[in-house]
Amino acid sequence: MGGVCSPVLSNVYLDKLDRFVETVLLPAHNRGTLRRTNPAYTALERPLARAKRVGTARETAALRRQMRQLPSQDPHDPHYRRLRYVRYADDWLLGFVGTKAEAEEIKRQVGAFLRDTLKLELSEEKTLITHAASQAARFLGYDIVTQYANDKLDHRGQRQVNGTIGLRLPPKVIAQHRARYERNGSPIHLVRTSDSDFTIVAEYQAAFRGLAQYYLLAQNVGWLWRLHWTMRGSLLKTLAYNHKSSMMALARKYQATVETPAGGLSCLRVVVERGAARKPLIAQFGGIPLRRQRSAILNDIPPHVNTDTRNELLKRLLADTCELCGARHDCVVHHIRKLADLKTKGRAEKPAWVQIMAARRRKTLIVCRACHAAIHAGRPLHRKPA
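What you see is a predicted model, and the numbers here were worked out from it, not measured in a lab.

A.B. asks: Requested: an account of unusual backbone geometry, with residues and values cited.
C.D. replies: The phi dihedral of L140 is positive, around 55 degrees, even though this residue is not glycine. Relative to the assigned elements, L140 resides in the loop between β3 (137–139) and β4 (142–146). One non-glycine residue, N184, lies in positive phi territory at about 55 degrees. Position of N184 among the secondary structure elements: in the loop between β6 (182–183) and β7 (186–187).

A.B. asks: Account for the sheet that holds β3, with residues named and values stated.
C.D. replies: What the three strands build is an open sheet, ordered β3-β4-β5; its pairing is antiparallel. Of all strands in the sheet, those bounded by a partner on one side alone are β3 and β5 (165–168). Across this sheet, the average inter-strand angle for adjacent strands is 35 degrees, counted without regard to direction. Here three bridges tie β3 to β4, and the two strands are oriented antiparallel to one another. Along β4, the bridge assignment pairs R138 with D143.

A.B. asks: Summarise the packing of aromatic side chains; cite the residues concerned and give the values.
C.D. replies: Considering all chains together, one arrives at seven aromatic pairs under this definition. Seen in terms of ring centroids, Y142 and Y215 are 5.0 Å apart; in terms of plane orientation they differ by 50 degrees. Their pairing is tilted. With a gap of 73 residues between them, Y142 in strand β4 and Y215 in the loop between α8 (197–214) and α9 (224–243) connect regions that are remote in the sequence. A relative accessible area of 4% places Y142 in the buried class. According to the relative accessible area criterion, Y215 is buried, its value standing at 5%. Between F208 and F285 the ring centres are 5.8 Å apart and the planes differ by 55 degrees, which places this aromatic pair in the tilted class. One end of the pair, F208, is in helix α8; the other, F285, is in strand β10 (residues 281–286), with 77 residues separating them in the sequence. Judged by relative accessible area, which is 1%, F208 ranks as buried. Residue classification places F285 among the buried residues on the basis of a relative accessible area of 1%. Three or more aromatic residues link up through ring pairs in this structure, and these residues are Y181, Y204, F208 and F285. The ring of W223 carries R168 above its face, with NZ or CZ at 5.4 Å from the centroid. The ring of Y241 carries K244 above its face, with NZ or CZ at 5.2 Å from the centroid.

A.B. asks: Describe the nonpolar core, listing the residues and the values that go with them.
C.D. replies: Counting 61 residues, the largest nonpolar core has F208, Y215, L224, L324 and W353 as its most contacted members. The greatest single-element share of this core, amounting to eight residues, is contributed by α8. Not counting the four nearest positions on each side in its chain, F208 is found in contact with L224, L227, H228, M231, F285, I288 and L290.

A.B. asks: Let's hear about the pattern of salt bridges: which residues, and what values?
C.D. replies: Oppositely charged side chains can form a pair if their charged atoms are brought close together. Evaluation of the coordinates by the stated rule reveals 11 salt bridges. Ionic pairing is found between D74 and R36, a salt bridge with its closest N-O pair at 2.8 Å. One end of the pair, D74, is in the loop between α5 (57–68) and β1 (82–88); the other, R36, is in the loop between α2 (15–29) and α3 (39–42), and 38 residues separate them in sequence. On the accessibility criterion, R36 (44% relative accessible area) is partly exposed. Of the charged contacts in the structure, one is a salt bridge between D154 and R156, with a shortest N-O distance of 2.9 Å. For D154, a relative accessible area of 17% puts it in the buried group. Each of R31, R81 and E102 takes part in one network of salt bridges that share partners.

A.B. asks: Residue-level account of the sheet that holds β10, with values.
C.D. replies: Reading across the sheet, the three strands line up as β8-β9-β10 and stay open at both edges, with antiparallel pairing between neighbours. Of all the strands in the sheet, the pair left with one neighbour each is β8 (255–260) and β10. Sheet twist, expressed as the average angle between the axes of neighbouring strands with direction ignored, equals 50 degrees. Bridge count for strand β9 (residues 263–272) against β10 is six bridges, and the pairing is antiparallel. Looking across to β10, one finds that C267 is bridged to G286. Helix-sheet contacts for α8 involve β9 and β10, and the interaxial angle to β10 is about 50 degrees.

A.B. asks: Outline helix α10 (residues 247–254), listing residues and values.
C.D. replies: Taken together, the buried positions of α10 are occupied by L250, A251 and Y254. Down the axis of α10, the buried set is contained in an arc of 105 degrees. They therefore lie on one face. For α10, the exposed residues set more than 90 degrees away from the buried face come down to M248, R252 and K253. Lining the buried residues of α10 we find α8, α9, β8 and β9.

Criteria and cut-off values
Residues numbered from 1 in each chain as written. Predicted model: local features only at pLDDT ≥ 70, side-chain atom pairs only at ≥ 80, totals over all residues. Heavy atoms only, no water. Helix = DSSP H or I, 4+ residues; strand = E, 2+ residues; numbered from the N terminus. Pairing = 2+ DSSP bridges. Axes fitted to C-alpha atoms, helices over the stretch in contact; angles between N-to-C directions. Phe/Tyr/Trp six-rings, centres within 6.5 Å; stacked < 30°, edge-to-face > 60°. Buried < 20%, exposed > 50% of the residue type's maximum accessible area, 1.4 Å probe, protein only. Lys NZ or Arg CZ within 6 Å of the ring centre and 35° of its normal. Core = buried A, V, L, I, M, F, W, Y, C linked by side-chain atoms within 4.5 Å. Contact = heavy atoms within 4.5 Å. Salt bridge = Lys/Arg side-chain N within 4 Å of Asp/Glu carboxyl O. Arc of directions from axis to C-beta.

Written out as structure tokens, the structure is:
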């Protein structure tokens, strides 16, 4: 993985693995319609019914609590097995209801198929067998767990989450991101003395927004408020360091409220006016509701964080001049992921926009709407006269 074509090539090459799982593993390891009832649970149903008729409320409640500690179905039913499979590019996950010995046999079969048919070696270090109730399985940055909560009931008084799959944000992810903005548990300032407040706030927001949007499916996405607190403190300290002022003064200066579907949320907002004829440039940090969205569409592309030095990008935006044709209206920023992307193999002649970005060693280019559309469409462009 890493190249632009890697996911497509993985899908093409691993299609044989998908077919092997679908035609061989799934039929062999799926059996039974429902689990049989748990005898220990069933044995308490008659005493509970009797307690409801002639017993006291205390006896009934005690029996209910006792039954809630037991599974209603037999988790060790030998006649019930389930195998599920999911793959994204070269990452795949198998979920199995059964014994560990059977799980190890499935792993052996997959490893043999990869080695004999696809000439690939299964990494023993990365391919793990875990019990989802006690140890999470990591897949695409999420922790996959089996949930258990005997006290979480639905409107009928029945347990509703036991045995269901949950997606969780790994604590290690938060710790890794907080480490960049804190030291000894306290936020620190970053040395950005040559950047404008607009650029600094925009970069902090881009880093936080990318992480928040990726983990919207996580049930504990609210844990990102810990990272938000750390990044907000680091942002205020960075601005205060640049202005030789206090965090409180900068917080009062840039404090704002933004309306979201979850209600009003506070944020830090920097507004750069560009005259009455044009809309102002706005950068803000915060204002993102950290609530789980079951139908969220994830963006697995890393957020673009501008690394242009000094106040160059802001000054070029304020100039509102296309750096290709010289047009002076409705300009936007065209950016690339890295400078190495400019060196495309097989390109006979580099377009004008590539030559400019390569010469300046900048990942951004201010262009008008027409030039921006032409770049993405691959149409030829003409540079402005010298």
